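# Topology and contacts: notes
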Amino acid sequence: MSKFILLASCNSKQGKTLLAIEIAKKLAVKHKVLFVDMSKSSKSVAAYLGVDENIIYDFVDLISGICSVEEATIKPTNGNHLFDLIPAPRLRNKAVRDSKIFEKFFMMFSKSYDYVIVDGIDLFQDDIFYDYEGIDKIVFITEGKIEDLKKINVCIQKLGKENIENVLTVINKYSKTEMLKGRMYNQKELGEMMKLDIIGEMGFNSEYESIEAMSDQTERILKDFKDIAVKVVEKL
């Protein structure tokens, strides 16, 4: 039976996709892994992995019944990326509104893979209230600024109290300087206030936006993502 891991964030541009890729890569060393790209970010997983040209069908086509799982799945073509991929649509306005989508993924994939990584939703902006039944862990990425507290609370309410014990929280764009100035919460403060399991933080790096495709040159830039991915895998 598969374990399902969902990557979600409070806002867009929080690094969900990069972190999800690192988690998938680590799990794929010893397990059969599927990556489902639900993200609406400007750069898709397929683009990061260099398989954008291989897209024929996407997860919207799959959920809509236009294609089969086999037709939607892109298989790895080299040793750098060992997991299968169901891509996001090339057209960003192509979407499906389905609160039961994770349940449908569970029915489709639970017997075929050890882990299914789903990337991901922007909880504050998304107006769909999803049913998270079947999701084993939710990796929730948020900034820890003082002014973000209300947004974080809204996101927690959308996740539902019944799912909080399965949420692993990561603070993104963390700055010790801002924290000492009283503009940002640290792990302990945010965790105690919001009753969240915070497993670490990632500092801001302006070079994230410059990554066109995953390569050896990105190893240094992605150090924080790799470190957090290790912590996530340890919790699974």
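The following refers to the structure shown. (Residues numbered from 1 in each chain as written. Predicted model: local features only at pLDDT ≥ 70, side-chain atom pairs only at ≥ 80, totals over all residues. Heavy atoms only, no water.)

### Concerning helix 8 (residues 187–194)
- If you check which residues of helix 8 are buried, you get L190, G191 and M194. Buried residues of helix 8 fall within an arc of 100° about the axis and therefore sit on the same side. Facing away from the buried side of helix 8, by more than 90 degrees, are the exposed residues K188 and E192.
- On its buried face, helix 8 sits against helix 6 (149–159), strand 6 (167–174) and strand 7 (197–203). (Buried < 20%, exposed > 50% of the residue type's maximum accessible area, 1.4 Å probe, protein only. Helix = DSSP H or I, 4+ residues; strand = E, 2+ residues; numbered from the N terminus. Arc of directions from axis to C-beta. Contact = heavy atoms within 4.5 Å.)

### A short note on the sheet that holds strand 3 (residues 84–86)
- Strand order in this open sheet of seven strands is 3-2-4-1-5-6-7, and the pairing throughout is parallel. Both outer strands of the open sheet, strand 3 and strand 7, are each paired with one neighbouring strand and no more. Strand after strand, the sheet turns through a mean of 20° between neighbouring axes, direction not considered.
- Note that strand 6 and strand 7 share six bridges and pair parallel. Along strand 7, the bridge assignment pairs N172 with M202. (Pairing = 2+ DSSP bridges. Axes fitted to C-alpha atoms, helices over the stretch in contact; angles between N-to-C directions.)

### Section: the packing of aromatic side chains
- Tallied over the full model, the rule gives six aromatic pairs.
- Between Y130 and Y132, the aromatic rings sit 6.3 Å apart at their centres with planes inclined by 55°, giving tilted as the arrangement.
- A relative accessible area of 11% places Y130 in the buried class.
- Here Y132 falls in the buried class, since its relative accessible area comes to 4%.
- By the ring-pair criterion, three or more aromatic residues cluster together here, those being F102, Y130 and Y132.
- Positioned over the ring face of Y113 is K32, at 5.1 Å from the centre of the ring. (Phe/Tyr/Trp six-rings, centres within 6.5 Å; stacked < 30°, edge-to-face > 60°. Lys NZ or Arg CZ within 6 Å of the ring centre and 35° of its normal.)

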